[in-house]
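Take a look at the letters that make up each chain.
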Amino acid sequence: MTIDEIERQMRAALSDERRATNRVLVLINLAEARKLHLERGFSSLFDWLVHGLGYAQSSAYRRIEAARLLRDVPQAAAKLETGELNLSTMAKAKSAIRAKEKRSGRKMSKEEQAEVVSKVENKTIFEAEQTLVTMFPEISDDVYQERKTVISADQIRLSFNISAEGFKDLEWVKNYLSHAEPKGDTGKIFARLLKEFRARIEKQGQRATSAMEKAPENERRATAKKVSLHRVQRRCEYKDETTGKVCGTSFQVEVDHIRPRAMGGEDRLKNYRCLCRAHNQLVAEQKLGQYRVNRWRSRRSTHRQDGS
Ligand SMILES: [Zn+2]
């Protein structure tokens with residue numbers, strides 16, 4: 001193959017790749033609208049992209065941000081295909097827009113968002129970041145919030161922002177623990193506080209379990225929720241019946257009545273399960289939908305009986 005031919009084929013492949021990327025973004029938005037990721041047992045769109053489809057975390061993040069940007073600025077799709085925009089600059093623009101909206105408490109109009117996007121066209125990631133920070137100097141702190149770097153098999157470097165009040169508390173704890181940790185190593189102190197916090201929560205669960213076991217049958221209702229939380233170590237139990245995938249996240253876990261109280265479900269241990277907030281909402285919508293359908297059916301049949 002001549003170098004001209006390699007170059008020609010490379011340009012054609014790049015063009016295909018950009019079109020495919022655009023298609024991926026459209027499908028991400030469709031999947032989110034239809035809650036496909038939740039039905040399939042993933043706790044979030046990000047979880048689905050990473051663990052269901054095999055994207056690297058950073059790739060998944062960029063695609064979700066870019067897909068969300070396309071909802072308000074659909075004209076960016078054409079620019080992604082020509083290469084004037086790429087996933088990274090789109091994701092940076094979206095993060096900046098979100099941070100700005102959070103700061104101002106006001107949603108940016110589609111025109112304002114399009115203006116932001118136009119400012120990062122044909123720019124490298126570094127240039128795009130510079131442009132965005134110049135446009136919105138007040139958000140630089142919000143966009144750069146947390147970073148974790150793996151240092152070795154048992155050390156992670158964590159960098160995050162803390163409020164002035166939180167920092168005072170940290171100083172207080174450091175002084176309080178100054179005999180045990182004379183060097184005041186922030187990482188060690190954090191690890192210690194976290195371990196103590198976790199042990200306390202787990203102990204609450206154990207206490208709830210033993211109280212539950214000892215309590216007479218008629219008093220068991222009150223502690224059932226706590227026990228449910230303890231039982232599955234606060235992990236979401238949602239299962240996709242098609243694939244058998246269990247969500248398993250421990251993020252924002254809540255207790256759900258398997259059979260809703262509105263439909264005669266009891267406050268009993270066996271009627272409880274843990275679901276993450278996203279799956280709790282999905283299941284509630286499904287159950288409510290079914291409940292409404294059933295009510296409508298029963299009313300319709302009553303009407304028919306009345307008419308006959
Ligand atoms: Zn879940």
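Keep in mind that this is a model prediction, so the values were computed, not measured.

A few points about the overall build of the chain
Of regular secondary structure, the chain possesses 13 helices and four strands. The buried share of the chain, taken over its 308 residues, is 21%. Across the chain, every contact between residues at least 6 apart in sequence was considered, and the portion connecting residues at least 24 apart equals 56%.

Remarks on helix H7 (residues 110–119)
Among all positions of H7, only Gln-113, Val-116 and Val-117 are buried. Viewed along the axis of H7, the buried residues span an arc of 100°, placing them on a single side of the element. On its buried side, H7 packs onto helix H4 (57–72), helix H5 (76–82), helix H6 (87–104) and helix H8 (125–135).

Describing the environment of Asn-161
Positionally, Asn-161 belongs in the loop between strand E2 (155–160) and helix H10 (164–176). Here Asn-161 falls in the exposed class, since 11 other C-beta atoms lie within 10 Å of it.

A word on helix H1 (residues 3–34)
Two residues of an α-helix separated by three or four positions point the same way, owing to the 3.6 residues in each turn. Taking 1.5 Å per residue, 32 residues should reach 46 Å; H1 reaches 46 Å between its end C-alpha atoms and fits that length. Of all 32 residues that make up H1, two are buried, and the element is exposed over most of its length. Following H1 by one or two positions, Lys-35 has its phi on the positive side, about 60°.

Quick notes on the nonpolar core
Residues Ala-66, Leu-69, Ala-76, Met-90 and Ala-93 are the most contacted members of the largest nonpolar core, which totals 38 residues. The element best represented in this core is H6, accounting for seven residues. When residues of this core are assigned to domains, at least three map to each of domain 1 (3–148) and domain 2 (233–308). Beyond its immediate stretch of four places on either side in the chain, Leu-69 contacts Ala-76, Met-90, Ala-93, Lys-94 and Val-117.

Some points on the environment of Val-253
For Val-253, the location among the structural elements is in strand E3 (residues 253–257). Linking Val-253 and Arg-235, residues 18 residues apart in sequence, is a C-alpha distance of 6.6 Å. In this structure, Val-253 is in contact with Arg-234, Arg-235, Cys-236, Cys-274 and Cys-276, ignoring residues within four places of it in sequence.

Things to note about the pairing of strand E4 (residues 272–276)
Within E4, four of the five residues are buried, which leaves it mostly tucked inside the rest of the structure. Pairing of E3 with E4, which is carried by five bridges, proceeds in the antiparallel orientation. Note that in E4 the partner of Val-253 across the bridge is Cys-276.

Focus: the pairing of strand E1 (residues 146–152)
The element E1 is barely covered by neighbouring structure, given that only zero of its seven residues are classed as buried. As judged from the six bridges shared by E1 and E2, these two strands associate in the antiparallel manner. Each bridged residue has a counterpart across the sheet, and for Lys-148 the counterpart in E2 is Leu-158. Here E1 folds back onto E2, and the loop between the two strands holds two residues.

Observations concerning the packing of helix H3 (residues 45–52) against H4
In contact at an axis separation of 9 Å, H3 and H4 are set at 140° when each is read in the N-to-C sense. Between H3 and H4, the interaxial angle falls into the category oblique. Taken as a pair, H3 and H4 cross one another with a handedness that is right-handed. Between H3, through Leu-45, Phe-46, Leu-49 and Val-50, and H4, the contact on the second element is made entirely by Gln-57, Ala-60, Tyr-61, Arg-63 and Ile-64. Of the residues contributing to the contact of H3 with H4, the split by class is seven nonpolar, one polar and one charged.

Quick notes on unusual backbone geometry
Within the chain, Lys-35 stands out as a residue other than glycine whose phi angle is a positive 60°. Relative to the assigned elements, Lys-35 resides in the loop between H1 and helix H2 (36–39). Positive phi, normally seen in glycine, also occurs at Asn-122, with a value near 60°. Turning to its location among the elements, Asn-122 is positioned in the loop between H7 and H8.

Re the packing of H1 against H4
It is at 9 Å that the axes of H1 and H4 come closest, and there the two elements cross at 80°. By the angle class used here, H1 and H4 are roughly perpendicular. Of the residues in H4, those in contact with Val-24, Leu-25, Ile-28 and Asn-29 of H1 are Arg-63, Ile-64, Ala-66, Ala-67, Leu-70 and Arg-71.

Points about the confidence of the model for the chain
Overall, the prediction assigns the chain a mean pLDDT of 87, with 87% of residues at 70 or greater. Confidence over residues 304–308 falls short of pLDDT 50; this stretch has zero contacts with residues more than four positions distant or in other chains.

Quick notes on the environment of Glu-39
Positionally, Glu-39 belongs in helix H2. As a C-alpha pair, Glu-39 and Asp-240 span 201 residues in sequence and 6.1 Å in three-dimensional space. The contacts of Glu-39, once residues within four sequence positions are left out, are Asp-240 and Leu-282.

Cut-offs and rules
Throughout this description, residue numbers start from 1 for each chain and increase along the sequence as written. Local features in this predicted model are restricted to residues whose pLDDT is 70 or higher, and side-chain atom pairs enter the listing and the counts only when it is 80 or higher, whereas totals over whole chains, interfaces and linings include all residues. Put simply, DSSP marks the helices as runs of H or I at least four residues long and the strands as runs of E at least two long, and each gets a number from the N terminus on. Three exposure classes are used, all based on how many other C-beta atoms lie within 10 Å of a residue's own C-beta (placed from the backbone): buried at 20 or more, exposed at 12 or fewer, and partly exposed between those limits. Distance between backbone-placed C-beta atoms decides contact: two residues are in contact if it is within 7 Å. In this description, the arc belongs to the directions extending from the helix axis to the C-beta atoms. One less than the residue count of a helix, multiplied by 1.5 Å, gives the span that helix is expected to have. To count as a nonpolar core, a set of buried Ala, Val, Leu, Ile, Met, Phe, Trp, Tyr and Cys residues must be joined through C-beta atoms within 7 Å. What counts as a domain boundary in this text is fixed by an automatic or database domain assignment. For two strands to pair, DSSP has to find at least two bridges joining them. Whenever a helix is involved, its axis is fitted only over the stretch in contact; in every case the axis is a line through C-alpha atoms, and angles between N-to-C directions fall within 0 to 180 degrees. Any angle between 65 and 115 degrees counts as roughly perpendicular, while under 35 counts as roughly parallel, over 145 as roughly antiparallel, and the rest as oblique. Crossing chirality is assigned from the near helix's rotation relative to the far helix, an anticlockwise turn below a right angle marking it left-handed and a clockwise turn marking it right-handed. We call Asp, Glu, Lys and Arg charged. Ala, Val, Leu, Ile, Met, Phe, Trp, Tyr, Cys and Pro are nonpolar, and the rest, Gly among them, are polar. Confidence of the predictor in every single residue is expressed as pLDDT, which spans 0 to 100.

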